[in-house]
Amino acid sequence: MDITVLIPTMNEPAVQDVIKDVFTALEEHNVNVIVIDKSSDDTPIRAEQAGARVIFQLARGYGDAYLTGFKYATGDIIVMLDGDRTYDPMDIPSLLEPILREQADFVLGNRFANLKEGAMSSRNKLGNKTITAFVNRLYDLQISDSQSGMRAFKRNMLDDVNLDLKGMPFATEMIIEARRAGVRIAEIPISYYPRVGSAKLRAFRHGASIFGTLLRMLRDYNPLLLFGSIGFLLIISGILVGLLPVFGWIISSSATNLTFTIFSVLLILSGLQVLLFGLMADILVRKFHQ
């Protein structure tokens, strides 16, 4: 089996050890390790010395690194791995197993199955769990770690998905696109260790970007759920506001709170319009994706 391992790097002290472990873990396969580098130190030199092919990343971003790497990947299976030693390359054979057994086309590593002390902050755990729950609910999935950076998939999956996000939301986009394309997704337990080197993740900024991606994907693939929820909230709010003048009329037998009455009608009409827009958009989206 020909396997391409893609490793994006930016000043990674442990890159040589990671690459050597990759070759050891996959010694029974034909392996091509490609490092997509954006470093200002000697990371690319050390990567080449360890046996990797180095491709220099012209732009910036986690997603852009992989989009660049995909252009050079020639293996039947592509493995995604970080160069900071947070992931154990010895887990790669387990990651490949569902694919080799034809049980899955896309396999994610679940870091929470064996999360080492100090490997992930409480804030990042909460953010990951929140995003994962959102992805599971919106796209009918049952995964535990949507932001895992250790993944494997059949190369031909790239023909069925549309990936274009350059930053951290790329990880989420990849799962959603795979789900939309009907790709068989599996998840296996892996280990996750404290990183070697400085952290690149900015929790609040990247978290906001990921949530923005989720909303965009929801708009593009399930507009009824997005606009239907907004419309429903507007209608309920309008009904609640409209109860105030109703109660006033019951108590005093006269029409009062005209402002609340007008506001209630506006909310309900706006909600109905948004709901109808969601229905029309949903019909068009389903027609387009047939």
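In case you missed it, the structure is sitting above this.
Residues numbered from 1 in each chain as written. Predicted model: local features only at pLDDT ≥ 70, side-chain atom pairs only at ≥ 80, totals over all residues. Heavy atoms only, no water.

A. Focus on the overall build of the protein. Looking only at helices and strands, one finds nine helices and seven strands in the protein. Burial statistics for the protein: of 290 residues in total, 46% are counted as buried. Sequence separation of 24 or more characterises 75% of the internal contacts of the protein that already satisfy a separation of 6 or more. Accessible surface, the protein: about 14900 Å² in total, of which carbon and sulfur atoms supply 58%. (Helix = DSSP H or I, 4+ residues; strand = E, 2+ residues; numbered from the N terminus. Buried < 20%, exposed > 50% of the residue type's maximum accessible area, 1.4 Å probe, protein only. Contact = heavy atoms within 4.5 Å. Areas by Shrake-Rupley, 256 points an atom, 1.4 Å probe, with all protein chains shown as cover.)

B. Structural view of the packing of helix H3 (residues 62-70) against helix H6 (residues 170-180). Packing of H3 against H6 leaves a shortest axis separation of 8 Å and a crossing angle of 55 degrees. Taken together, the axes of H3 and H6 are oblique relative to one another. Note on element contacts: H6 touches H3 through Phe170, Ala171 and Met174, opposite Tyr62, Gly63, Tyr66, Leu67 and Phe70. Of the residues assigned to the contact of H3 with H6, the class counts are seven nonpolar, one polar and no charged. (Axes fitted to C-alpha atoms, helices over the stretch in contact; angles between N-to-C directions. Parallel < 35°, antiparallel > 145°, perpendicular 65-115°, else oblique. Nonpolar A, V, L, I, M, F, W, Y, C, P; charged D, E, K, R; others polar.)

C. Layout of the packing of aromatic side chains. The final tally for this structure, using the stated rule, is nine aromatic pairs. Geometrically, the ring pair formed by Tyr62 and Tyr66 is edge-to-face, given 5.2 Å between the ring centres and 75 degrees between the ring planes. Placement of both Tyr62 and Tyr66 in helix H3 is noted, with a separation of four residues, approximately one turn of the helix. Relative to Phe170, the ring of Phe70 lies with its centre 6.2 Å away and its plane at 40 degrees, an arrangement referred to as tilted. Of this pair, Phe70 sits in helix H3 while Phe170 sits in helix H6, placing them 100 residues apart in sequence. Each member of the pair, Phe70 as well as Phe170, carries the same accessibility label: buried. Taken together, Tyr62, Tyr66, Phe70, Phe106, Phe153 and Phe170 form an aromatic cluster joined through their ring pairs. The ring of Tyr192 is capped by Arg111, whose NZ or CZ atom sits 4.9 Å from the centre of that ring. When the ring centre of Phe112 is taken as reference, the NZ or CZ atom of Lys129 above it lies at 4.0 Å. (Phe/Tyr/Trp six-rings, centres within 6.5 Å; stacked < 30°, edge-to-face > 60°. Lys NZ or Arg CZ within 6 Å of the ring centre and 35° of its normal.)

D. Spotlight on the pairing of strand S1 (residues 2-9). Summarising burial for S1: seven of the eight residues are buried, a large majority. In this structure, S1 lies alongside strand S2 (residues 30-37), joined through eight bridges in parallel fashion. Note that in S2 the partner of Thr9 across the bridge is Asp37. This β-α-β element, S1 to helix H1 (residues 15-25) to S2, shows right-handed connectivity. Where S1 and strand S4 (residues 77-80) come together, four bridges link them in parallel fashion. The partner of Leu6 across the bridge, within S4, is Met80. (Pairing = 2+ DSSP bridges. Right-handed = clockwise from strand over helix to strand, strands pointing away.)

E. Fine view of helix H8 (residues 223-252). Between its first and last C-alpha, H8 extends 44 Å over 30 residues, near the 44 Å set by a 1.5 Å rise per residue. All of the buried residues in H8 are Pro223, Leu226, Phe227, Gly228, Gly231, Ile235, Gly238, Val241, Gly242, Pro245 and Gly248. (Expected span 1.5 Å × (residues − 1).)

F. View of the side chain of Arg46. Note that Arg46 resides in helix H2 (residues 43-49). There is a polar contact of 3.3 Å between the side chain of Arg46 and the backbone oxygen of Pro13. Excluding residues within four positions of it along the chain, Arg46 makes contact with Glu12, Pro13, Val15, Gln16 and Asp41. (Polar contact = N/O pair within 3.5 Å; in protein donor to acceptor, adjacent residues only side chain to side chain.)

G. Here's a closer look at the sheet that holds strand S3 (residues 53-56). Taken in spatial order, the seven strands make up an open sheet running S3-S2-S1-S4-S6-S5-S7, and their pairing is mixed. On the outer flanks of this sheet lie S3 and strand S7 (185-192), each paired with one strand and no other. The sheet shows a mean angle of 25 degrees between the axes of neighbouring strands, direction not considered. Sheet analysis places strand S5 (residues 106-115) next to strand S6 (residues 151-154), joined by three bridges and oriented antiparallel. In the sheet register, Phe106 faces S6, and the bridge partner there is Phe153. Lying on the sheet, H1 is in contact with S1 and S2; it crosses S2 at an angle near 160 degrees. On the sheet, H3 packs against S1, S2, S3, S4 and S6 and is oriented at approximately 150 degrees with respect to S1.

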